[in-house]
Amino acid sequence: MDITRNKIWRNWSGSVACRPRALMKPQTIDELTELVGRCGSEGRRVRIVGAGHSFTPLVQTDDILISLEHLQGIEQVDRERNRVTVLGGTQLKRLGEELLTEGLAQENLGDIDVQSIAGAISTGTHGTGVNFGTLSTQIEGITLLTASGELLECSPEQNSELFKAAQVSLGMLGVIVKVVLRVVPAHQLHFQSRREHISDILASLDERKQENNHFEFFWFPHTEWVQAKYLNEVEAVPQERKSTFWNDLNKVVLENGVYWLISESCRVAPGLSSAMSNVSAFGVASIEETDYSHRLFATPRMVRFQEMEYNIPAEHLKIVLAELRNYIERRKIRVHFPIECRFVHSDDIWLSPAYQRDSAYVAVHMYRGMPYQDYFEHAEEIFKRYDGRPHWGKMHNLAADELARRYPRWHDFRRIRAELDPNGLFMNDYLRQLFA
Ligand SMILES: Cc1cc2nc3c(=O)[nH]c(=O)nc-3n(C[C@H](O)[C@H](O)[C@H](O)COP(=O)(O)OP(=O)(O)OC[C@H]3O[C@@H](n4cnc5c(N)ncnc54)[C@H](O)[C@@H]3O)c2cc1C
């Protein structure tokens, strides 16, 4: 077992820091089981970390932090049922490549691929596409190592209530050791990105959502412009990557290097934010690319930021955007990072923000080091008025009672959590405030 003691741990954005007594990385499931059993009997507290890409203090602990970094890979492929069994620590990027060697793929992904599969589903990570649910909906079974040290299987057929709770569970029900993932045949997508006028996007929003497999847009505040992204399946026979030098240059140099310079200038002189948002909008290049699906969903994100993202019923997107624009312009908010809008199909997972509603997700961002609290709080007021539910991995300020009103199965989740972990082995202060 890899053990690091008393070293500061930080999440990706730097919004959370803690000094765990020990960061433990078991090499086998047996080692993991023995470790959790020992923590339970010694009265320790345990949190589990994936890639540390959540903005909220989900992982924060001064006691034991467990990482499944050494428990990665595909264990089993069931071709007849289009399912694979994957170890919980598997990084999405690695999963994509391993699936490809089997001629398989995930049906949808978010816009980065460095998360672990267990970490991603635990917060309800999502991509975009009206015919696709969050990543948690791709899960057909979970093996959970519970506080009692038991390895518990759950699926729609077995422990079905537990399954609905475990599909989005913020690491509170135990360690997700393995998941059974529904997969599709490997396929190629055609990616297009271009600058468009926001009024054109909003005028034909429904058509764009319906006519493209995966559609999203980023609106640049203080401007009339968006970066629109379209991903559609192509019939092409899978072959060599058809990317161009220009596309790679755009992703790494313009979207990251130049964007970092723009962002630093806004941090030093926040009054430049509006002008820099315009510069960024005009820098949006028209690019096209065809490649295997998992390689195109993800984009390198080297410029660090803070983020709040809310799920709202899909039909409220236009009014929510109009109110956000009005607020940003009226109050001359110093922000140059775009507002991201995506679309997700409804599901039946108890803590999923998309529970029982076709959804739009709206995300506000602020460059790391620039004040974000006021902006996010006002945006949150707007999201809340339109029945918003926060993304569990992104910043929000909702207390337990407000969350309970927004999640119809809130108390069922709490009941299952209390049954499985009565002593709160897997809780930290943040989660105890919300769920205990
Ligand atoms: C740059 C960036 C881009 C992002 N893009 C998107 C996006 O496109 N779409 C989207 O929806 N979200 C996005 N996110 C948010 C991110 O996908 C989620 O926060 C996700 O949960 C992070 O996964 P992780 O592996 O880093 O998990 P962590 O952040 O380390 O942990 C998340 C939760 O999972 C739990 N957990 C981790 N491993 C296990 C396990 N084995 N068993 C039980 N519980 C476990 C943790 O305890 C914690 O509660 C983005 C975040 C960043 C920083």
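Residues numbered from 1 in each chain as written. Predicted model: local features only at pLDDT ≥ 70, side-chain atom pairs only at ≥ 80, totals over all residues.

Chemist: Could you clarify how one ought to interpret the domain arrangement of the protein in this entry?
Modeler: By a widely used convention, the size of an interface equals the accessible area lost when the partners come together. For the protein, the domain assignment lists domain 1 (2-67) and domain 2 (74-185). Taking only C-alpha atoms into account, the centre of domain 1 sits 21 Å from that of domain 2. Listing elements by their share of the side of domain 1 that touches domain 2, those giving two or more residues are α1 (29-41) and β5 (46-49). Among the elements that make up the side of domain 1 that touches domain 2, the one with the highest residue count is α1 (six residues). Residues that form the side of domain 1 that touches domain 2 fall into these classes: seven nonpolar, six polar and one charged. (Domains from an automatic or database assignment. Helix = DSSP H or I, 4+ residues; strand = E, 2+ residues; numbered from the N terminus. Nonpolar A, V, L, I, M, F, W, Y, C, P; charged D, E, K, R; others polar.)

Chemist: Even after reading the chapter, I still don't get the nonpolar core, so can you show me in this structure?
Modeler: Most often, soluble globular proteins keep nonpolar side chains buried together rather than apart. Grouped together as the largest cluster of nonpolar side chains are 115 residues, with contacts concentrated most on Leu-144, Val-175, Val-179 and Val-362. Each of two domains, domain 1 (2-67) and domain 2 (74-185), supplies a minimum of three residues to this core. In contact with Val-362, not counting residues within four places along its chain, are Glu-309, Tyr-310, Ile-312, Val-320, Ile-339, Cys-341 and Phe-383. (Core = buried A, V, L, I, M, F, W, Y, C linked by C-beta atoms within 7 Å. Buried ≥ 20, exposed ≤ 12 C-beta atoms within 10 Å, placed from the backbone. Contact = placed C-beta atoms within 7 Å.)

Chemist: Can you walk me through helix α13 (residues 410-420) in this structure?
Modeler: Since there are 3.6 residues in each turn of an α-helix, residues three or four apart along the chain are aligned in direction. Restricting attention to buried positions, one finds in α13 the residues Phe-413, Ile-416, Arg-417 and Leu-420. Down the axis of α13, the sector holding all buried residues measures 100°, keeping them to one side. When the buried face of α13 is taken as reference, the exposed residues oriented beyond 90 degrees from it are His-411, Ala-418 and Glu-419. (Arc of directions from axis to C-beta.)

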